[in-house]
Amino acid sequence: MVYAAKKFINDPSDVVTEFIEGLVETYPGLQYLDGFPEVKVVLRADVSAEKYDKVAVISGGGSGHEPAHAGYVGEGMLTAAICGDVFASPPVDSILAGIRAVTGPQGCLLIVKNYTGDRLNFGLAAEQAKSEGYKVETVIVGEDCALPPPRGIAGRRGLAGTVLVHKVAGAAAAAGLSLEKVASEAKCASEMVGTMGVALSVCTLPGQVTSDRLGQEKMELGLGIHGEPGAAVVDVQPVDVVVSHVLQQILSPETSYVPITRGNRVVLMVNGLGGTPLMELMIAAGKAVPKLQLEFGLAVDRVYTGLFMTSLDMAGFSISIMKADQSILDRLDAPTKAPNWPVGTDGNRPPAKIPVPIPPSRSAKSAESQARPKELSQQGRVLEAAIQAAATVIISLKDSLNEWDGKVGDGDCGSTMHRGATAILEDMKHYYPLNDAAETVNEIGASISRAMGGTSGIIYNLLCKAAYAELKANTDSEVTPKYWSKALKSSIASVSKYGGATAGYRTMLDALIPASQVLEEKLSAGEDPIRAFILSAEAATKGAESTIQMQAQAGRSSYVSAEMLATVPDPGAMAAAGWYSAAARAVKEQYQGSS
């Protein structure tokens, strides 16, 4: 049986009216016309047609693109937004109702995205309004740069660049310009902007089944904001490559979509399509700015990054580039009370910032002490083999650790440990003074601190710092097994002190505590050190596996139900048992090989 996609809605047919109700409850400056469900119009609460003495700026279209268009209603931007059903042009009666509600003697400007339904319905409404005595002008926005220049009547689609036109027109109207001048500025702005979108998935309409049109390894270039097919379906590419392609397409001199040439000033908008995290949008913006500056020779005067015109839950983004002069920038910077226009983006961009140098550590060591020795002692060779084996095992466990952590945590334990292990292997080639066990452990902590991050990085850094202090206190020329045992015990005590966990809390300590206890016990009893190490590794593995029976009392797992916890062991404990056991086996092989 195929099920509709999971969404936080009631009746799918009510999503637009219920969205509007929530919107006006959230923003006191907004109101809606009492005409549900046929008439869905959001308007400024402080405007009435009888008293409004400025040009009204009205836009709208199908819903599902939030915050467009209702989120841009407010002083200095739109006076009203006409909402259709999801991805459906609003009916003529709704558009007329909006015109009548906010249009005073100065008239109104309709800003319409270039889709056939929108053009027809807004056009018919405009003609009807004119026949009733209203002054009405219309600007059609079609700035899509993904498809070849059209030969038919459809033309280029209206996309997120329309929001920039809203802002220019709204600011011009707020400044008291006439209808003809507001329309002229809006039309000029619409001719200065180009947009192209890319997506990893198509959107899912309320109450419908999620489409798998693209599959897991494909992405689509140039698809529309309703999920309609674009220019091409290609393999998923790094965002660097995607951004380069999009910029080239928009700014191509062959198509001349926008009149932008080297030396021009531009505005950049990176728009999320609904399902893309802000982190990824900022990465795209961070790649786009220097490319525009260095590869295309453009001055990037403003950058807007966020959700401006979405496509429900589509995983993707669009890039809009607008040619700008000072008058355009002034309109974009003009104040507005529209709730979804971004704050903190106005004003001239400062020159590139030079990062502040990191202060050196007071315990900074000489370059010589941080270098790998030219020749390794026997202890150095054994230590190298143990580190190599431990890190390699962690790398091999990445997917398993992520899978376990996906059920009881945030799903990144394997990836986090993998970063640390990879850094350790790389740094060991150049920086670890392997003949000095204490300093090597300290350098491992530095590698982990730099590469891992998160709670795991802190915990492992604590382990290394405590072990370093214990080993450094040793005045003997060689670190004996008992000193290693003391170092492990001190490390566990440090983690327990600062992290709060102990045995039975379902953490990495459930592997390390039994290992430490067995190692100390066997060495004290006179057991062969290699065998003691192997037996302690077995205890670590047994302890890690026993976590499947424990209720978590620390970390993110403490928020997970006992039923879910009972399906997998603690990934942190399994990782600790993995590297500890690998190190034990490597030490055994080293001494057996030399005997």
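Just so you know, the residues in each chain are numbered from 1, in the order the chain's sequence is written. Residues qualify for local features only when their pLDDT is at least 70, as the model is predicted, and side-chain atom pairs are given and counted only at 80 or more; totals for whole chains, interfaces and linings, by contrast, use all residues. Hydrogens and waters are ignored; side-chain quantities use all the structure's heavy atoms.

The protein chain is annotated in an unreviewed UniProt entry as 3,4-dihydroxy-2-butanone kinase from Brassica campestris.

### Digging into the side chain of N264
Among the structural elements, N264 can be located in the loop between α6 (239-251) and β10 (265-272). Remark: exposure states derive from per-residue accessible area (1.4 Å probe, protein chains only) relative to the maximum for the residue type, with buried under 20%, exposed over 50%, and partly exposed in between. The exposure class assigned to N264 is buried, which follows from its relative accessible area of 14%. What qualifies as a polar contact is a pair of N or O atoms within 3.5 Å, subject to a donor-acceptor requirement within protein and to the restriction that residues adjacent in sequence count only when both atoms come from side chains. A distance of 2.7 Å separates a polar side-chain atom of N264 from the backbone nitrogen of T261. Only DSSP runs of H or I with at least four residues qualify as helices, and only runs of E with at least two residues qualify as strands; both kinds are numbered from the N terminus onward.

### Section: the sheet that holds strand β9 (residues 232-235)
The strand order β9-β8-β7-β12-β10-β11 describes an open sheet built from six strands, whose pairing is mixed. The strands lining the two open edges of the sheet, one partner per strand, are β9 and β11 (299-306). Between one strand and the next, the sheet's axes are offset by a mean angle of 20°, whatever the strand orientation. Strands are labelled as partners when DSSP assigns at least two bridges between them. Pairing of strand β8 (residues 218-221) with β9, which is carried by four bridges, proceeds in the antiparallel orientation. Residue pairing for β9: L221 is matched across the bridge by A232. Helix axes are fitted only over the stretch in contact, all axes being lines through C-alpha atoms; the angle between N-to-C directions runs from 0 to 180 degrees.

### Some remarks on the UniProt feature "active site" (unreviewed entry) in the protein chain
Under the UniProt annotation, "active site" (unreviewed entry) lies at H226. Mapped onto the elements of the fold, H226 is located in the loop between β8 and β9. Accessibility expressed as a relative area gives 25% for H226, which makes it partly exposed. Contact criterion: two residues are considered in contact whenever any of their non-hydrogen atoms come within 4.5 Å of each other. If we ignore the near neighbours within four places in the chain, the residues touching H226 are H65, F87, Y115, C203 and S311. UniProt positions are given in the numbering used here, feature names are shortened, and annotations may be inferred rather than shown by experiment.

### As for unusual backbone geometry
In this structure, P37 follows F36 across a cis peptide bond, with omega equal to -5°. A cis amide bond, omega 0°, links A68 with the succeeding residue H69. The backbone phi angle of S256 is positive, close to 50°, even though this residue is not glycine. Counting through the fold element by element, S256 comes out in the loop between α6 and β10. Positive phi is not limited to glycine here, since R506 has a value of about 65°.

### Observations regarding the pairing of strand β3 (residues 56-63)
A large share of β3 lies buried, amounting to eight of its eight residues. Bridging between β3 and strand β5 (residues 108-113) involves four bridges; their strand directions are parallel. By the bridge assignment for β5, S59 is matched with I111.

### Observations regarding the packing of aromatic side chains
Pairing of aromatic rings covers Phe, Tyr and the six-membered ring of Trp, with a centre-to-centre limit of 6.5 Å; geometry is then stacked below 30 degrees between planes, edge-to-face above 60, and tilted otherwise. Applying the stated rule across the entire model yields five aromatic pairs. The interplanar angle of 50° and the centroid separation of 5.0 Å between the aromatic rings of Y304 and W341 together place this pair among those described as tilted. Of this pair, Y304 sits in strand β11 while W341 is found in the loop between α8 (326-333) and α9 (378-396), placing the two residues 37 residues apart along the sequence. Overall, the relative accessible area of 7% leaves W341 in the buried class. On the basis of an interplanar angle of 85° and a centroid distance of 5.3 Å, the ring pair of F533 and Y580 is categorised as edge-to-face. A residue pair is termed long-range when its members are at least 10 positions apart, and F533 in helix α16 (residues 529-545) and Y580 in helix α18 (residues 571-594) qualify at 47 residues.

### Observations concerning the domain arrangement of the protein chain
The domain boundaries here were taken from an automatic or database domain assignment. One can read the domain layout of the protein chain as domain 1 (1-141), domain 2 (192-201 + 219-336) and domain 3 (378-593). The centre of domain 1, based on its C-alpha atoms, is set 26 Å off from the matching centre of domain 2. Taken residue by residue, the interface counts 16 residues in domain 1 and twelve residues in domain 2. Summed over both partners, the accessible surface that disappears when two parts come together, traced with a 1.4 Å probe, is what is meant by buried area. Of the roughly 1,100 Å² buried where domain 1 meets domain 2, counting both sides, 58% is carbon and sulfur surface. Interface area lost by domain 1 to domain 2 is led by H65, F87 and Y115, which between them contribute 40%. In the sections that follow, a salt bridge refers to a side-chain nitrogen of Lys or Arg positioned within 4 Å of a carboxyl oxygen of Asp or Glu. There are one salt bridge connecting domain 1 and domain 2. Note that D313 and K7 form a salt bridge whose closest N and O atoms lie 3.2 Å from each other.

### Focus on the sheet that holds β3
Within the open sheet, the six strands sit side by side as β1-β2-β4-β3-β5-β6. Their pairing is mixed. Two strands close off the open sheet at either side, each with one partner strand: β1 (30-32) and β6 (136-141). Averaged over neighbouring strand pairs, the angle between their axes works out to 25° when direction is ignored. The sheet contact formed by strand β2 (residues 41-44) and strand β4 (residues 80-86) spans three bridges and is antiparallel. In the strand pairing of β4, L43 is matched with A80. In this fold helix α3 (residues 116-131) packs onto β3, β4, β5 and β6, with an angle of close to 165° to the strand it touches most, β5. Taken strand by strand, helix α4 (residues 161-174) contacts β3, β5 and β6, and its axis lies near 175° from that of β5.

### Notes on the pairing of β10
Two faces, one strand: in a regular strand the side chains alternate between the faces of the sheet. For β10, the tally of buried residues reaches seven of eight residues, placing the bulk of the element in the interior. As judged from the seven bridges shared by β10 and β11, these two strands associate in the parallel manner. Of the residues in β11, the one forming a bridge with V267 is R302. Seen with its strands pointing away from the viewer, a crossover is right-handed if its path from the first strand over the helix to the second goes clockwise. This β-α-β element, β10 to helix α7 (residues 278-294) to β11, shows right-handed connectivity. Strand direction decides the pairing type here: β10 and strand β12 (residues 316-323), joined by seven bridges, are antiparallel. Paired with M269 across the two strands is S320, which belongs to β12.

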